[in-house]
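# Coordinate analysis (summary)
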Amino acid sequence: ISDTDQWKALQAHVGAIHKTHLRDLMADADRCKAMTAEFEGIYLDYARQQATTETIDKLFKLAEAAKLKEKIEKMFNGDKINSTENRSVLHVALRAPRDAVIHSDGVNVVPEVWAVIDKIKQFSETFRSGSWVGATGKPLTNVVSVGIGGSFLGPLFVHTALQTDPEAAESAKGRQLRFLANVDPVDVARSIKNLDPETTLVVIVSKTFTTAETMLNARTIKEWIVSSLGPQAVSKHMIAVSTNLKLVKEFGIDPNNAFGFWDWVGGRYSVCSAVGVLPLSLQYGFPIVQKFLEGASSIDNHFRTSSFEKNLPVLLGLLSVWNVSFLGYPARAILPYSQALEKLAPHIQQLSMESNGKGVSIDGVRLPYEAGEIDFGEPGTNGQHSFYQLIHQGRVIPCDFIGVIKSQQPVYLKGETVSNHDELMSNFFAQPDALAYGKTPEQLRSENVSENLIPHKTFQGNRPSLSFLLSSLSAYEIGQLLAIYEHRIAVQGFIWGINSFDQWGVELGKSLASQVRKQLHASRMEGKPVEGFNPSSASLLARY
């Protein structure tokens, strides 16, 4: 892509942008109006990007050169765009309407998806009604979901966002959902603290039922159940999300209580499969989760059919490419002004950095430009008292500000100037302008700031951001937000010409860990010395 005239035109355009300042760009009312887009009550304002309408036009031409429209269609059509693993990429099928037709290997996968959804719906209703009882005849009210990476971060994000939604909270009364991911025994201790095995159901999430961390945690939790309730309790207290029915059965779980998913679903894109839908339905009931799926599906349709000028994921993806590959800003801060979205940034971190953290093109050629983005974030206003100092006066980090018009939990105290939510949102509106405009030495002098402090109190401004404003934050909007980020990340990968759907970078550390595991066993059980490691690792292992 970097050899195209369209890429070179953007490179040449960077100089013109460096001569502008957001203070001046923001004075142009027509530009500000043009740099907005809206879909179903989600409003995007990207006027505070270091870009002009000419930049956006050039980015659309780059999208054409990269065959973006064609690549999006290939994804929805089930073409094997994950070429290194020879797989379709069809997380959109997980939330498609029942009558949709989406093919992989010539087979419409939508009926298979709905067969699993119907099974989850039926199981969650049986479970929540109290008809499903544990080994001692008590109904189960606690769920522990055991899985790592994509089996954990996405579902945790949705669960955290739903916890304070009034409708979802009402459905979850008297229930607990917890997640166990880390193989650290401390995480096991935390996840079962104050839980009674008698009233706990454990969901083991592992496609192959071989993931080292998850299976060790599964065996640890199984031991917790068996030591309290006996071996026959396993089938009543443990279920699985897996495709390996043989290993599920050997583990002691009834294969009828295993919920499948497919190799065309990448782990980090699997929250809309049984991986997320099962534990979330057990906690909140399927009707709430169905709204979440419908929200994601609405964005899938918008992404596939809307013109690029109005297409939220396309606009966002192109602006990210502009910031990373042309302006040279490698990071992005995700700043939701909503505590309910506190687990959004950790999920997007995985989604983005595992997808686009690549150094070679899809054809295996070393990239001559930077791709991928360093993602981090924290809810506002917490982040303001943490890392905003650097964003205002240190490095330039483009920011995503996410605000919600209607709070999930409104509070208005008598005698206060504004409601608690308005206090929060005052910051949401102020911060992007503070970043864009900054504060000049002249302004400081007019406020009689002493001369020696002026350099310290000057804000350069000209720091890019964009703002999302959501009407509310129910299950439907949570699904929309998830899908916007999923597709934005895909757009970036399609432009960069990389495979956003494999993750070979996670393999090497895992294989080296197995050598260490053998050494630890040999040293502890047979007293053998540490051998076959470099001097640094050998001395660290000996000390351990």
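Model, not experiment: these values are computed from the prediction.

## Observations regarding helix α4 (residues 53-65)
In this model α4 runs 19 Å from its N-terminal to its C-terminal C-alpha over 13 residues, within 8% of the 18 Å that 1.5 Å per residue would give. Looking at α4, one finds that the buried residues are Thr55, Ile56, Leu59, Phe60, Leu62 and Ala63. Within α4, the buried residues cover an arc of 155° as seen down the axis, which keeps them to one side. Against α1 (5-18), α5 (68-76), α15 (312-326) and α21 (475-496) lie the buried residues of α4. Positive phi appears at Lys67, one or two residues downstream of α4, with a value of about 55°.

## Quick word on the packing of α15 against α21
In contact at an axis separation of 8 Å, α15 and α21 are set at 50° when each is read in the N-to-C sense. By the angle class used here, α15 and α21 are oblique. Crossing geometry of α15 relative to α21 is assigned as right-handed. Residues Leu312, Pro313, Val314, Leu316, Gly317, Leu318, Ser320, Val321, Val324 and Ser325 of α15 lie in contact with α21, whose contacting residues are Ile484, His487, Arg488, Val491, Gln492, Ile495 and Trp496.

## Considerations on the environment of Ser227
On the secondary structure map, Ser227 appears in helix α10 (residues 212-229). As for Ser227 and Lys119, which are separated by 108 residues in sequence, their C-alpha atoms are 30 Å apart.

## Some points on the sheet that holds strand β8 (residues 238-241)
One open sheet holds the five strands; their spatial order is β6-β5-β7-β8-β9, and the pairing between them is parallel. Strands at the two margins of the open sheet, each flanked by one partner only, are β6 (176-180) and β9 (258-259). Each of β5 (142-146), β6, β7 (200-205) and β8 is contacted by α10, which is oriented at about 160° to β7, the strand it contacts most.

## A short note on the domain arrangement of the protein
The domain boundaries assigned to the protein delineate domain 1 (5-66 + 306-496), domain 2 (104-287) and domain 3 (504-543). For domain 1 and domain 3, the distance between their C-alpha centres works out to 43 Å.

## As for the pairing of strand β12 (residues 399-404)
The buried count for β12 comes to six of six residues, which makes it a mostly enclosed element. Here β12 shows no split at all, with Cys399, Phe401 and Gly403 on one side and Asp400, Ile402 and Val404 on the other all buried. Summarising the sheet, strand β10 (residues 331-336) and β12 pair through four bridges and their orientation is parallel. Paired with Leu335 across the strands is Phe401, a residue of β12.

Analysis parameters
- Residues numbered from 1 in each chain as written.
- Predicted model: local features only at pLDDT ≥ 70, side-chain atom pairs only at ≥ 80, totals over all residues.
- Heavy atoms only, no water.
- Helix = DSSP H or I, 4+ residues; strand = E, 2+ residues; numbered from the N terminus.
- Expected span 1.5 Å × (residues − 1).
- Buried < 20%, exposed > 50% of the residue type's maximum accessible area, 1.4 Å probe, protein only.
- Arc of directions from axis to C-beta.
- Contact = heavy atoms within 4.5 Å.
- Axes fitted to C-alpha atoms, helices over the stretch in contact; angles between N-to-C directions.
- Parallel < 35°, antiparallel > 145°, perpendicular 65-115°, else oblique.
- Left-handed = near helix turned anticlockwise from the far one by under 90°.
- Pairing = 2+ DSSP bridges.
- Domains from an automatic or database assignment.

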